[in-house]
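Fold and contact review
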Amino acid sequence: MSIPVIDLQGALTLGAPRSAEVAAQMRAAAMASGFFYVRHHGVPAEQVQAQFDLARRLLDVPQATREALEMHRSPSLRGYELMGAQTLDATARPDLKESFYCGMAYPADHPYVVAGYQTYGHNQWPAEVPEAPAQCEAYIQAMLALSRRLMQLMALSLQLPETWFDPTSDSPMVTLRMIRYPAHPDGADERTFGAGAHTDWGAITILAQDGHGGLEVQMPAGDWQPATPIEGCFVVNLGDMIPRWTNGLYHSNPHRVRNVHSSGAPRYSIPFFYEPDYLARIEAVPGTVPAGEAPRFAPCTAGEHLVEMYRRTYATGAETAAP
Ligand SMILES: O=C(O)CCC(=O)C(=O)O
Ligand SMILES: [Fe+2]
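Computed from a prediction, not measured in an experiment: that's the story for all the values here.

Further remarks concern the sheet that holds strand β4 (residues 98-103). With respect to topology, eight strands assemble into an open sheet ordered β1-β2-β10-β7-β12-β5-β4-β3, the strand pairing being mixed. Edge strands, defined here as strands with exactly one partner in the open sheet, are β1 (5-7) and β3 (79-81). Going across the sheet, the axis of each strand differs from the next one's by a mean of 25 degrees, ignoring polarity. Relative to strand β10 (residues 234-238), strand β7 (residues 204-209) is paired through four bridges, and the arrangement is antiparallel. Bridging across to β10, I204 finds its partner in L238. Across the sheet, helix α2 (residues 45-59) is in contact with β4, β5 (172-181), β7 and β12 (267-277); its angle to β12 comes to roughly 105 degrees.

Structure below.
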């Protein structure tokens, strides 16, 4: 089994002619590995390239800046993740990666910012990269539009009205992360990873990766397959909220990274994590719980779920954090 490429041409707007065909392809992928590539996604190649250039500048700031803007200094866990700070697979060594996190610029008087909900507001930007806030906000808006459309196609794939999930997206929790993986060390043991095996926690992840490769996905049979970079495509994968929403019909599969194919160069990747509104209730949608059976997951809010996942993978004891 391999990871399918889904062509979004003719399916990028509500009711577009290829929507049903694309929804059927999504359903098949979601019931298998929970991973697929998207082609003709509407985001210009130049914008993606510019984001990689920015990632390099953001991660090249002096170490003192990275430490001063360390993510746990921000109530919403935005800023720099230092090398080795996260352990995505609790049985492995700390991840060999560093990253910069940012999110949507919600205004200070937004009720969720006022309430102090994690992931709302409070970005930390390095003075060395003055173009970062505006450029990241534009990229986030492009990713958010694509995420919302993918959620509409997912609704369609579940025989629901295309707009079914729209009300859960009023004030979404979104995280943009720019990651750098150093070359995998020579002689590294089998417990060493750039990102240890994990499932994503949210709804949809849209990943831009550079040309090196290194991402591997665990297929339903248990084997690990490379998610080889494909020019012009994003990798999309489903996070843990989707099995909750679909009573386990759709999957969020484990994946991991080892930067072993880059001939010693660092690997950059830019995942965008789309999660619904903090207060959105995540429970099985109609048609997914067989008659006479109880739902497989207890209902929860999206915020409760996310906060718990950050707590589990960062060793700092902070109440809240994202893969
Ligand atoms: O870098 C990658 O290719 C994947 C990163 C990832 O899985 C994550 O940040 O959740
Ligand atoms: Fe991930």
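Let us look at the packing of α2 against helix α5 (residues 132-157). Two numbers describe how α2 lies on α5: the axes approach to 11 Å, and their chain directions differ by 140 degrees. Taken together, the axis directions place α2 and α5 in an arrangement best described as oblique. The element α2 and its partner α5 pack so that their crossing is left-handed. Along its contact with α2, which presents Q47, A50, Q51, L54 and L58, the element α5 presents A132, Q135, Y139 and A142. Within the contact of α2 with α5, the residues separate by chemical class into six nonpolar, three polar and no charged.

In this section: the confidence of the model for the protein chain. Low-confidence regions, as indicated by low pLDDT, have predicted coordinates that should not be scrutinised in detail. In the predicted model, the protein chain carries a mean pLDDT of 93, and 96% of its residues have values of at least 70. Residue range residues 316-322 is modelled with pLDDT below 50. Its contacts to residues more than four positions away, or to other chains, number 18 contacts.

Attention shifts here to the UniProt feature "domain: Fe2OG dioxygenase" (unreviewed entry) in the protein chain. Per the UniProt annotation, the sites labelled "domain: Fe2OG dioxygenase" (unreviewed entry) are residues 168-276. For residues 168-276, the helix share is 5%, the strand share is 41%, and the end-to-end C-alpha distance is 6 Å.

It is worth spelling out unusual backbone geometry at this point. At N247, a residue that is not glycine, the phi angle is positive and equals roughly 55 degrees. In this structure, N247 sits in the loop between α6 (241-245) and β11 (255-257). Notably, S263 is not glycine yet its phi reads approximately 55 degrees, a positive angle. Its place among the elements puts S263 in the loop between β11 and β12.

With that settled, consider the nonpolar core. Within the largest apolar cluster, 78 residues are counted, with the highest numbers of intra-cluster contacts made by M26, F36, L153, I204, I206, F234 and V236. It is α5 that provides the largest number of residues to this core, a total of eleven residues. When sequence neighbours within four positions are dropped, the list of residues in contact with F36 reads I3, P4, I6, M26, A29 and V236.

All right, on to α2 then. Helix length check: α2, at 15 residues, gives a terminal C-alpha distance of 21 Å against a target of 21 Å (1.5 Å per residue), a fit within 8%. Within α2 the residues assigned to the buried category are Q51, A55 and L58. Within α2, the buried residues cover an arc of 70 degrees as seen down the axis, which keeps them to one side. Facing away from the buried surface of α2 by more than 90 degrees, the exposed residues are A45, E46, Q49, D53 and R56. The secondary structure elements touched by the buried residues of α2 are β4, α5, β5, β7 and β12.

Okay, the sheet that holds strand β6 (residues 195-198) next. The sheet built from four strands is open, its strands ordered β6-β11-β8-β9 with antiparallel pairing. On the outer flanks of this sheet lie β6 and β9 (224-226), each paired with one strand and no other. Shown here is a sheet whose adjacent strand axes are inclined to one another by a mean of 20 degrees, direction ignored. As paired elements, strand β8 (residues 215-218) and β11 share three bridges and run antiparallel to each other. Among the inter-strand pairings, L215 is bridged to a residue of β11, identified as V257.

Analysis parameters
- Residues numbered from 1 in each chain as written.
- Chains lettered and ligands numbered in written order.
- Predicted model: local features only at pLDDT ≥ 70, side-chain atom pairs only at ≥ 80, totals over all residues.
- Pairing = 2+ DSSP bridges.
- Helix = DSSP H or I, 4+ residues; strand = E, 2+ residues; numbered from the N terminus.
- Axes fitted to C-alpha atoms, helices over the stretch in contact; angles between N-to-C directions.
- Contact = placed C-beta atoms within 7 Å.
- Parallel < 35°, antiparallel > 145°, perpendicular 65-115°, else oblique.
- Left-handed = near helix turned anticlockwise from the far one by under 90°.
- Nonpolar A, V, L, I, M, F, W, Y, C, P; charged D, E, K, R; others polar.
- pLDDT = per-residue confidence, 0-100.
- UniProt positions renumbered as here; feature names shortened; annotations may be inferred.
- Core = buried A, V, L, I, M, F, W, Y, C linked by C-beta atoms within 7 Å.
- Buried ≥ 20, exposed ≤ 12 C-beta atoms within 10 Å, placed from the backbone.
- Expected span 1.5 Å × (residues − 1).
- Arc of directions from axis to C-beta.

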